[in-house]
Amino acid sequence: MLYEYVGNVLVGSKPQDEGRPSPPSTGWIVRGKLTLQRQSELIMAAALVIDDVTLNNSGEKFLQNKEMYPPYKPFKIVLTKEGTISHVVFKEGDPIWSMNFKRAIASTLQFQMKSSGAFVVDETGIHGKCQTEYFVSNKTNYISIRKTPELMTCVPYSEAVHVTRSNVPPNTCEFDHQKSVIIGNEAIYGILPHNETGYFLSMAHAKGTTLIHTFESTGEAQYINSELLLNFQNETPIDNPIDIETSMAAEISKLQLQPLEINDPTGGRNPQQQETLISAAGGLLDNLAEALESTDFKFSEPYDSTLSDVIKLLSEMDFESLKKLYTEVDIGTSYRQETIRNIFHEIIPRIGTKASVFLTRHLVVEKSIKSPIAVQLLIPMPFHIFELSAELVKGCEDFMSIGPDRPDVRQAAILSFATLVYNVYVARGIDKDQFEEYVQKYFNLYLNDRDYEQKMLYLQGLSNLQLGNVASYLEPIVMDAGNEDLRFMAAWTTLALADKRAERIYEIYWPIFESRNASLELRVAAVTLLLISNPTAARLISIHRIIQSETDPHLINYYRTTVTSISETTYPCYQHLRRLLSYMHRHLPQKPEPRYWVTGNYIFDYRDSKFGIGAMLQTFLVGDPKSDMPVVAYFRFDTEALGKFTGQLALYIKARGLPDAIWQTVQPKSNSSDPFTFRSIKTLLAMLKAPIVTSKNLHIEFILQMEGKTVLSYYLNQRMFQQLTYDNILDRLQLLIRTDSHINMQTVRWPFMNKYSVPTVLGTSSDVLLQTTVLTSLRGNITEHRTSGSGSKHTLEIDARYSSYASVRSRSYNPFLNLDHEINREQGFLIYIPFSSELTFNESGRCGRYTFTRPQNLTSGLSFKSRAVTSTRGLVTKTAAAPFEEIMYPERGIEVFQPFSYALPDLGVKLRVNMNVNELIKFRGMLLKSEFIENGFSRNMVVSLLMYIFGFTQLSSIHLGHDRNFTLLMYNENATRIDGNICVEDVLKTSELKGKKIGFTLEHADETQNVESLHKWNVILDVQTSTKSSWFKVTGKVQRNSKDDEEDWKVSVGQAWRLPNQH
């Protein structure tokens, strides 16, 4: 039987507002002929011939070429006795893209007619085994069948999403935000009567729809539609059987689509050569470095996807290629090479491929990089890996054997390896027995080491492992009557495991909670664990009764603040506790005195239910019961968006004996001639019979966590602190300031990335990508020169840049023409701040001279814009002279205007603000519609204001639903220089009055026209103050002279004030 084959894929976006034009769509249509031969009862042969491929927008038609040949290879379809498809067999060497294309054809040909009406069966298709709904309708002269797979039930590709990759963890707590991607597939069949077989397939029409929505109805709305249509043409006798016996693959294939290789997203259609990737990545890195040296910014189009393009290329490279590329960028000491190296070091640990992890291991273990760079690579590495396997764990065991000659590297490696083992275990890359071996290894290292800092390190390693029997190893540490600091740290580490061990938590920590002899730190940890492990009314009331008879005001305040904070929190992960603790909000014990605030649990948060974003700042404090000074502080800051935690940072600080250590260091250096010496103060306190508090040895712990895993762990004791003397610290800071410094710093951030692989019903690949990349750069020089006399001149040249690129992109790959069809909503945010100054200090004359310069034709400022772009790109054939490229933008009205432009001639610059008023109104409306709900516990207006500002900033940075157009620029045509003096001089000092004379001058010079003192300002102020009252007097004059506008003027001022008395 001969069928007409028509495949269609369309990628597009809906308009932002009803009645406005949609952005242009992009897509392709493939036409051909499909021949089916029933060679036996259960064997069917299929062969496809491609006629042409047409592009939707241009209408350009491409006829068949040799690179389209793989789909021509016939394939075998093997049926079951029930009529469903058992498996398929392909020719040897058939590439993945061709096999998946044929799997989709076979899956479309599969239908069942068990009975009339509606029924549900399990059926295997391109997404795996799915529960499938059928509706069979008998018409007058044909049968109609509707097939709808329930994609949520598909195994292994639930909801038709074949690969989900994210560099931020999901929010597994309660949240009500919609999914970013939903998919629906269905197929319609027309069956006609047949003289021999009874019936035959007249028509098969499969449809697939992928909808992309961000931020409910206010965000970007994109879609990927695909259709596969088979129309019966004719039936002829089998004179030439299709060859499905020779050169066939030995393995049978299921209908579910075969995953694509990470380093070849084309599925074998156009695999990139590694040398090509190296060359392309090297070129883009060079472009990034070159752009950081240029001052020619595209403020009109701040959309720079270069960084995301580099990340994509590096993700497709194998270990040897990455190693070779690093060798190339590591050569040379020039400014540009240093910049390229900095960017490369920032990107590598964030790629997440097996090759990037092995490159990090190679550079760290072989000591190919300096220790600070090694730590820089190790800290983010385990949080971005998506190729998790036992091979990865085995290959990184070398991290555990790094020697003590590099303590910072060793520490970062041990902590990162523990996080890696945890992630691989969760991803089922290793089994439970293998995981427990590593848990045992970390515990043995903890037991065998006597150094406190090392014990603290291995304890944090156990904390990073988090699962399995970790809690069992922590229990003896908590129950041991030895080191209180280690006991508290082990108890605090148990917090992440509390909900899984409710009974053991009760057995271990309830006695500690009730014991008045236990330390305050342990009792605080105990009540927290008891509450989290079993959040029930019975447990809460039991704790409440104990607190009612409690005598320690510190613990009472901790309980009170925990109840008041959590009972009003908006943080999703605390909602189950919020509902419970809200019952106790009006039954709290009496509030202790304000000085006991040092022990408490404080939460400041907000959440917007409409846009699904939020943030939470939580502060745990534990004080010293004797001194009422804070000892333990734990700060946690979480941000969330689109059902993901976009940031999870925590800082743990324990500082005991710090005031004593500082006093002991500073006291011997105090001036003995001072009437209030240490000895006289001590004598006075003894006369007053003040209680003596024994000084404590210094003990400082510092722990930094990301996503709940420790990445840095430091410890400082009395001996270490004495080596960092006060004088040494000051001398080092002074030396750093006075030494000529070269600054060249770049940071790369990939704060948000979600990628969904959503194949079409044609079996071709398509995906959805939501991501944000950020590149910051700080370059310049700081120099100091001694001038004549005792003065000094400091020169500061700084070039600060910030560039972020956010996008929501839907893409369909056309394997026949090797083209990517994309609709992309992109947003660019660019900031450029150049700063060039000279500061000269004359120590004897109490005067300072300053100079600020800007070169000719310099534009600085910020640009914040977004737009939709439709593109079709690729290399149609390997021998094509140039890549195919078609880029389109939606129709836009003339809505951008210049509401503000102001010249500052005295500074030689002009200011200009451009904005799209219509979109500004929409954006303002969006912000006003936002439902920011803050934690009612926060009564601090400053904190509340900061949380609002952060919330609006967060919403603006990732909400890409509207076109934005805002620029704030400062520019100058001629080279300009601003210099002047600032002098302060004592002119009067009596028993009743003090007087100062303040002088300020400013001169603007046009260096392009060689005009000195084009504008000049002179300000002189005399300030007199009374030593016996609040009276003061200011007199002076302000004078301006100009050569270009001749608007010279002088103003004299004089006024006396008396401030009101303060009672």
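Residue numbers here run from 1 along each chain, matching the order of that chain's written sequence. Owing to the predicted nature of the model, reporting of local features is limited to residues with pLDDT of at least 70; listing and counting of side-chain atom pairs is limited to 80 or more, with chain, interface and lining totals taken over all residues. Excluding hydrogens and water, the side-chain figures rest on all heavy atoms present in the structure.

### Quick word on the overall build of the protein chain
Stated precisely, the cut-off is as follows: By definition, any uninterrupted DSSP run of H or I lasting at least four residues is a helix, any uninterrupted run of E lasting at least two residues is a strand, and each is numbered from the N terminus. Only protein chains enter the accessibility calculation, which uses a 1.4 Å probe. A residue is then buried if its area is under 20% of the maximum for its type, exposed if over 50%, and partly exposed in between. Shrake-Rupley sampling with a 1.4 Å probe provides the accessible areas, and residues are treated as covered by the protein chains on show and by no other component.
The helix and strand inventory of the protein chain stands at 24 helices and 35 strands. Burial statistics for the protein chain: of 1063 residues in total, 50% are counted as buried. Accessible surface computed for the protein chain: about 51,000 Å², of which carbon and sulfur atoms make up 55%.

### Some details on a negative patch on the surface
Rule in force here: Within the patch definition used here, like charges are joined within 9 Å and nonpolar side chains (Val, Leu, Ile, Met, Phe, Trp, Tyr) within 5 Å, considering only residues with over 30% relative accessible area and no salt bridge. Just to be clear on terms, a salt bridge is a Lys or Arg side-chain nitrogen sitting within 4 Å of an Asp or Glu carboxyl oxygen. Residues scored as positive are Lys and Arg, those scored as negative are Asp and Glu, and His as well as the terminal groups of each chain are ignored. Charge coordinates come from a single atom per side chain, which is NZ of Lys, CZ of Arg, CG of Asp or CD of Glu.
On the surface, D1044, E1046, E1047 and D1048 cluster together into a patch of negative charge. Along the polypeptide, E1046 turns up in the loop between β34 (1031-1042) and β35 (1049-1058). Of the residues examined, E1046 reaches a relative accessible area of 69% and is grouped as exposed.

### Concerning the nonpolar core
The test is simple: Buried Ala, Val, Leu, Ile, Met, Phe, Trp, Tyr and Cys residues form a nonpolar core when they are joined through side-chain atoms within 4.5 Å. Any two residues whose heavy atoms approach within 4.5 Å are treated as being in contact.
Grouped together as the largest cluster of nonpolar side chains are 137 residues, with contacts concentrated most on L314, F417, Y509 and F513. It is helix α9 (residues 407-426) that provides the largest number of residues to this core, a total of twelve residues. Excluding its chain neighbours within four sequence positions, the residues that come into contact with F417 are V393, C396, E397, F399, M400, Y438 and Y442. Counting residues in each nonpolar core, the second largest holds 71 residues, with Y134, L642, L762 and F884 among its members.

### Description of the pairing of strand β14 (residues 600-608)
Keep this limit in mind: The rule for pairing is simple: two strands pair if DSSP sees at least two bridges between them.
With nine of nine residues buried, β14 lies mostly within the body of the structure. Going residue by residue along β14, you find G600, Y602, F604, Y606 and D608 tucked away on one face and N601, I603, D605 and R607 tucked away on the opposite face as well. As paired strands, β14 and strand β15 (residues 613-623) are joined by nine bridges and run antiparallel to one another. Following the sheet pairing, R607 is matched in β15 by G614.

### A few points about the pairing of strand β13 (residues 221-234)
Bridge count between strand β1 (residues 2-13) and β13: twelve bridges; the pairing is antiparallel. Residue pairing for β13: N8 is matched across the bridge by E227. The pairing of strand β12 (residues 198-213) with β13 spans eleven bridges and is antiparallel. Along β13, the bridge assignment pairs T209 with N225.

### Section: the packing of aromatic side chains
When we look at a pair of aromatic rings, we describe it by the centre distance and by the angle of the planes. Put simply, the test is: Pairing of aromatic rings covers Phe, Tyr and the six-membered ring of Trp, with a centre-to-centre limit of 6.5 Å; geometry is then stacked below 30 degrees between planes, edge-to-face above 60, and tilted otherwise. Whether a charge sits over a ring depends on NZ of Lys or CZ of Arg being within 6 Å of the ring centre and within 35 degrees of the ring normal.
If you walk through the whole model with that rule in mind, you get 35 aromatic pairs. When the centroid spacing of 5.3 Å and the interplanar angle of 85° are considered together, the rings of W492 and F620 count as edge-to-face. One end of the pair, W492, is in helix α13 (residues 484-493); the other, F620, is in strand β15, with 128 residues separating them in the sequence. Judged by relative accessible area, which is 8%, F620 ranks as buried. Ring plane angle 75° and centroid distance 5.6 Å describe the contact between W492 and Y634, whose orientation is recorded as edge-to-face. Linking W492 in helix α13 with Y634 in strand β16 (residues 630-641), this pair joins segments that are 142 residues apart in sequence. What makes Y634 buried here is its relative accessible area of 12%. In this structure, K455 packs its charged tip against the face of Y446, placed 4.2 Å from the ring centre.

### Here we look at the side chain of D605
Just so we agree on the cut-off: Pairs of N or O atoms within 3.5 Å make up the polar contacts considered here, provided that, within protein, one atom can donate a hydrogen while the other can accept it, and that residues adjacent in sequence are counted only when both atoms are side-chain atoms.
One can find D605 in strand β14. Of the side chains with opposite charge, R578 lies nearest to the buried D605, which makes no salt bridge, at 9.1 Å. A distance of 2.4 Å separates a polar atom in the side chain of D605 from a polar atom in the side chain of T569. At 3.3 Å, the side chain of D605 and the side chain of T570 are in polar contact.

### Points about a nonpolar patch on the surface
Judged by side-chain polarity, V942, L945, L946 and I949 come together as a nonpolar surface patch covering roughly 390 Å² of accessible area. Following the sequence through the fold, I949 ends up in helix α24 (residues 941-958).

### Considering the packing of α13 against helix α15 (residues 520-533)
Note the threshold: Here the axes come from fitting lines to C-alpha atoms, over the contacting stretch only for helices, and the angles between their N-to-C directions go from 0 to 180 degrees. We call two directions roughly parallel when the angle between them is under 35 degrees, roughly antiparallel when it is over 145, roughly perpendicular when it lies between 65 and 115, and oblique otherwise. For any pair of crossing helices, the crossing counts as left-handed if the nearer helix is rotated counterclockwise from the farther one by less than a right angle, and right-handed if it is rotated clockwise.
The N-to-C vectors of α13 and α15 enclose an angle of 15°; their axes lie 10 Å apart at closest approach. Between α13 and α15, the interaxial angle falls into the category roughly parallel. At the point where α13 passes α15, the crossing takes the left-handed sense. Residue-level contacts link E484, R487, F488, A491 and W492 of α13 to E521, L522, A525 and L529 of α15.

### Brief notes about the environment of N1041
Along the chain, N1041 turns up in strand β34. Taking the C-alpha atoms as reference, N1041 lies 8.7 Å from S1013; in sequence the two are 28 residues apart. In this structure N1041 touches L1014, H1015, K1016 and D1048, once residues within four positions along its chain are discounted. A polar side-chain atom of N1041 sits 3.2 Å from a polar atom in the side chain of Q1039.

### Thoughts on the environment of G614
Structurally, the position occupied by G614 is in strand β15. Among the residues examined, G614 registers a relative accessible area of 0% and is labelled buried. Distance in space between the C-alpha atoms of G614 and E640 is 5.3 Å, their sequence separation being 26 residues.

### Some remarks on the side chain of S315
Along the chain, S315 turns up in helix α3 (residues 306-315). Apart from residues lying up to four places away in sequence, S315 is in contact with I262, I351 and T353.

### A few points about the state of the cysteines
Filter applied, for reference: What counts as a disulfide here is a pair of cysteine sulfur atoms lying within 2.5 Å.
Summed over all chains, the structure comprises two disulfides. The side chain of C130 participates in a disulfide bridge whose partner is C154; the two sulfur atoms lie 2.0 Å from each other. Looking along the S-S bond of the C130-C154 disulfide, the torsion reads about 110°, which is the right-handed sense. Placement of C130 in strand β8 (residues 128-138) and of C154 in strand β9 (residues 143-156) is noted, with a sequence separation of 24 residues between them.

### Details of the environment of V527
Inspection of the secondary structure assignment puts V527 in helix α15. Between the C-alpha atoms of V527 and Y558, which are 31 residues apart in sequence, the distance is 9.5 Å. The residues touching V527, leaving out its near neighbours within four places in the chain, are F513, I543 and Y558.

### Here we look at α13
Where burial is concerned, most of α13 is hidden: nine out of the ten residues are buried. Considered for burial, the residues of α13 that qualify are D485, L486, R487, F488, M489, A490, A491, W492 and T493. N-cap assignment for α13: the residue whose side-chain oxygen lies 2.8 Å from the backbone N of D485 is N483.

### Brief notes about the pattern of salt bridges
Applying the stated criterion across every chain yields a total of 43 salt bridges. In this structure, the salt-bridge partner of D286 is R336, at a minimum N-O distance of 3.7 Å. Remark: R336 occurs in helix α5 (residues 335-351) and D286 occurs in helix α2 (residues 274-293); sequence separation between them is 50 residues. Given a relative accessible area of 25%, D286 falls into the partly exposed group. A salt bridge links D485 to K654; the nearest nitrogen and oxygen atoms lie 2.5 Å apart. Linking D485 in helix α13 with K654 in strand β17 (residues 644-656), this pair joins segments that are 169 residues apart in sequence. Several salt bridges converge on common partners, so that one network encompasses R849, R977, D979, E1007 and E1012.

### Some thoughts on the packing of helix α12 (residues 470-479) against helix α14 (residues 502-514)
In helix packing, the relevant descriptors are the interaxial angle and the interaxial distance, both defined with respect to the helix axes. Short version of the rule: Residues are grouped as follows: Ala, Val, Leu, Ile, Met, Phe, Trp, Tyr, Cys and Pro are nonpolar; Asp, Glu, Lys and Arg are charged; every other residue, Gly included, is polar.
Look at α12 against α14: their axes get within 12 Å of each other, and the N-to-C directions meet at 15°. When the axis of α12 is compared with that of α14, the two are roughly parallel. In this structure, the crossing between α12 and α14 has a hand that is left-handed. Here E475, V478 and M479 of α12 lie close against α14, whose contacting residues are R504, I508, Y509 and I512. Class assignment of the residues belonging to the contact of α12 with α14 gives a composition of five nonpolar, no polar and two charged.

### Quick notes on helix α17 (residues 553-566)
Under the convention used in this document: In a helix, the anticipated span is given by 1.5 Å times the number of residues less one.
Taking 1.5 Å of rise per residue, the 14 residues of α17 would be expected to cover 20 Å, and the 20 Å separating its terminal C-alpha atoms lies within 8% of that figure. In terms of burial, α17 is largely enclosed, as 13 of its 14 residues are buried. Where α17 begins, one side-chain oxygen reaches toward the backbone nitrogen of H554, 2.9 Å away; that side chain belongs to D552.

### Some remarks on unusual backbone geometry
A cis amide bond, omega 15°, links V155 with the succeeding residue P156. Not every positive phi belongs to a glycine, and A160 is a case in point at roughly 65°. With a relative accessible area of 1%, A160 lands in the buried category. Notably, S1013 is not glycine yet its phi reads approximately 50°, a positive angle. With respect to the helices, strands and loops of the structure, S1013 is situated in strand β33 (residues 1011-1026).

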